[in-house]
Amino acid sequence: MKFSDNQAKSFCEEGDVSTTQTSTIDHQSQKGNYFIEQATCVKNCYRYTGISRPKLDLVFSTIKEKANSINYWRGSVDTIKPKENKKRKEKSNEKRVLTKWEEFILTLVRLRKGFDVRFLADTFSINAGQVSRIFNTWVIFLSEELSFLVPWLSRSQIEKNLPKRFKKFQNARVIIDCVELYLQKPSLPTSQKITWSNYKHWNTAKLLIGITPSGIISFIPPLWTGCISDKEIVRNSGLIGLLDEGDAVMADKGFLIRDILTFKKVHLISPAYCIGARLSSRGTTHTRRVASLRTHVERYILSLKHFRIISGVIPIVLKPILDRIEFLCAALSNLRTRSIKK
């Protein structure tokens, strides 16, 4: 078959375009594969995902079968109009743009490093909306499937693994503290008011965290707005209902919860209060012991903040899944080596 000069030139140009497009697609896929390879290697895995490579493989093998029937996020119920509900159900089982492993790593990397959705979209050669949908979906999915990593231990389990440092407080069931997470300023004045923290002078959400004496995060309730006092959070968080008669709760001076615990016959372990000019020698010793043991809960709060998605100013768009995010971060933190030795 013979071609004219113009036809031959056009045919060659089309071939060059198709070759260029193919090479571009190959380059984009190689970029995503290289990123995952570097983020999950033994040397960098903890830095980028928050857990070691053996534990990463173990977690993925636990959830990969259930991930086959995952339904993708289409927005919170409150933000979707009634007419859109039908469309959302029809599109819930949409075709994957990434593999399960890629979606899993994308989620953990964003939790750990706090990367912007546009950066991840460019890395995996998808659009920003798909990154947000994948991230929200997997955060909800993982928080449900890994809920067993945040267990409320029985008294016998705690006594069995009680560190020697707690021999003076053998009835200690949980060590509690509150941490405030910075939020992007809401647009509604009412939301600005209830999230305003006079302590931080910022819009915040309060997180109550409880760890066992052996160093396991055992209690993570939903977040509260920054204007709520620590006492009200403890009263309404459900913690009191989990405690048994004779238990003890270790907390800072700011937790004025002794009257709440007394009704359940639970003891409060806190630094001694100064009555008079100075503390007694007995009070000073007690305060020093409590302070040295409470540093562990502060260390675990710091380990939570290593997940940069919650360490800076949290975007308001993450509000619908913020409770799930902080719970998942706590679950992943429990996979690290415990710092309190028996």
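The name an unreviewed UniProt entry gives the protein chain is DDE Tnp4 domain-containing protein, with Exaiptasia diaphana as the organism. Looking at the Cofactor (unreviewed entry) heading of the UniProt record, one finds this comment for the protein chain: "a divalent metal cation".

Next up on the list: helix α3 (residues 53-63). Looking at α3, one finds that the buried residues are Leu 56, Val 59, Phe 60 and Ile 63. Taken end-on, α3 shows its buried residues confined to a sector of 95°, consistent with a single buried face. Relative to its buried face, α3 has exposed residues pointing more than 90 degrees away, namely Pro 54 and Leu 58.

Here we come to the environment of Pro 221. Its location among the elements puts Pro 221 in the loop between β4 (217-219) and β5 (224-225). Separated by 17 residues in sequence, Pro 221 and Gly 238 place their C-alpha atoms 7.9 Å apart.

Within the element layout of this structure, Thr 212 appears in the loop between β3 (202-211) and β4. With a relative accessible area of 1%, Thr 212 lands in the buried category. Among the polar contacts listed, one links the side chain of Thr 212 to the side chain of Ser 214, at a separation of 3.0 Å. Not counting the four nearest positions on each side in its chain, Thr 212 is found in contact with Leu 153, Ile 158, Arg 173, Ile 175 and Ser 218.

Here strand β1 (residues 172-182) lies mainly inside the structure; 10 of its 11 residues are buried. One ladder, built from three bridges, connects β1 with strand β6 (residues 248-250); its direction is parallel. Its bridge partner being in β6, Ile 175 is matched across the sheet by Met 250. Pairing between β1 and β3: eight bridges, direction antiparallel. Within β3, the residue paired with Ile 176 across the bridge is Gly 210.

All right, on to a positive patch on the surface then. Residues Lys 164, Lys 167, Lys 168, Arg 288 and Arg 289 make up a contiguous surface patch of positive charge. Along the chain, Arg 289 turns up in helix α13 (residues 281-305).

Moving on to the packing of helix α7 (residues 128-145) against helix α14 (residues 322-333). Put simply, α7 and α14 touch, their axes get as near as 9 Å, and they point 55° apart. Our classification of the angle between α7 and α14 gives oblique. Once α7 is placed against α14, the crossing between them reads as left-handed. Contacts between α7 and α14 involve Phe 135, Val 139, Ile 140, Leu 142, Ser 143 and Glu 144 from the former and Arg 324, Ile 325, Phe 327 and Leu 328 from the latter. Tallied by class, the residues present in the contact of α7 with α14 amount to seven nonpolar, one polar and two charged.

Turning next to the pattern of salt bridges. Pairing is possible between side chains that carry opposite charge, provided their charged atoms lie close to one another. In the structure shown here, the tally under the stated rule is 10 salt bridges. For the salt bridge of Asp 57 with Arg 53, the shortest nitrogen-to-oxygen distance reads 2.9 Å. Placement of the pair is Asp 57 and Arg 53 together in helix α3, with a separation of four residues, close to one helical turn. For Asp 57, a relative accessible area of 33% puts it in the partly exposed group. The partly exposed category is assigned to Arg 53, whose relative accessible area is 25%. For Asp 247, the salt bridge is made with Arg 155, and the minimal N-O distance between the two is 2.5 Å. In this pair, Asp 247 is assigned in the loop between α11 (239-242) and β6 and Arg 155 in helix α8 (residues 155-160), connecting sequence segments 92 residues apart. Among the charged side chains, a network of salt bridges with common partners joins Arg 155, Arg 173, Asp 244 and Asp 247.

Procedures and definitions
Each chain carries its own residue numbering, running from 1 in the written order of its sequence. A pLDDT threshold of at least 70 governs which residues receive local features in this predicted model, and a stricter bar of 80 or more applies before side-chain atom pairs are shown or counted, although totals over entire chains, interfaces and linings include all residues. The basis for every side-chain value is the complete set of non-hydrogen atoms in the structure, without hydrogens or water. UniProt positions are given in the numbering used here, feature names are shortened, and annotations may be inferred rather than shown by experiment. For every residue, the accessible area obtained with a 1.4 Å probe (protein chains only) is divided by the maximum for its type, and the residue is called buried under 20%, exposed over 50%, and partly exposed between those limits. Helical segments are the DSSP runs of H or I of at least four residues, strand segments are the runs of E of at least two, and each set is numbered from the N terminus. Think of the arc as the fan of directions from the helix axis to the C-beta atoms. The term polar contact refers here to a pair of N or O atoms within 3.5 Å; inside protein, the definition further demands a hydrogen-donor-capable atom paired with an acceptor-capable atom, and it admits residues adjacent in sequence only when both atoms are side-chain atoms. Residues are treated as being in contact if the distance between any of their heavy atoms lies within 4.5 Å. For two strands to pair, DSSP has to find at least two bridges joining them. Patches draw on residues past 30% relative accessible area with no salt bridge. Two like charges within 9 Å are joined, as are two nonpolar side chains (Val, Leu, Ile, Met, Phe, Trp, Tyr) within 5 Å. The protein chains shown are the only cover counted for residues, whose accessible areas, like all others here, come from Shrake-Rupley with a 1.4 Å probe. Any carboxyl oxygen of Asp or Glu that lies within 4 Å of a side-chain nitrogen of Lys or Arg is treated as forming a salt bridge with it. Asp and Glu are treated as the negative residues and Lys and Arg as the positive ones, with His and the ends of the chain left uncounted. Every charge is mapped onto a representative atom, which is NZ of Lys, CZ of Arg, CG of Asp or CD of Glu. To get an axis, a line is fitted to the C-alpha atoms, and for a helix only the part in contact is used. The angle between two axes follows their N-to-C directions and goes from 0 to 180 degrees. The labels follow the angle: roughly parallel below 35 degrees, roughly antiparallel above 145, roughly perpendicular from 65 to 115, and oblique for the rest. We call a crossing left-handed when the near helix sits turned anticlockwise from the far one by less than a right angle, and right-handed when that turn is clockwise. Three categories are distinguished: nonpolar for Ala, Val, Leu, Ile, Met, Phe, Trp, Tyr, Cys and Pro, charged for Asp, Glu, Lys and Arg, and polar for the others, with Gly belonging to the last.

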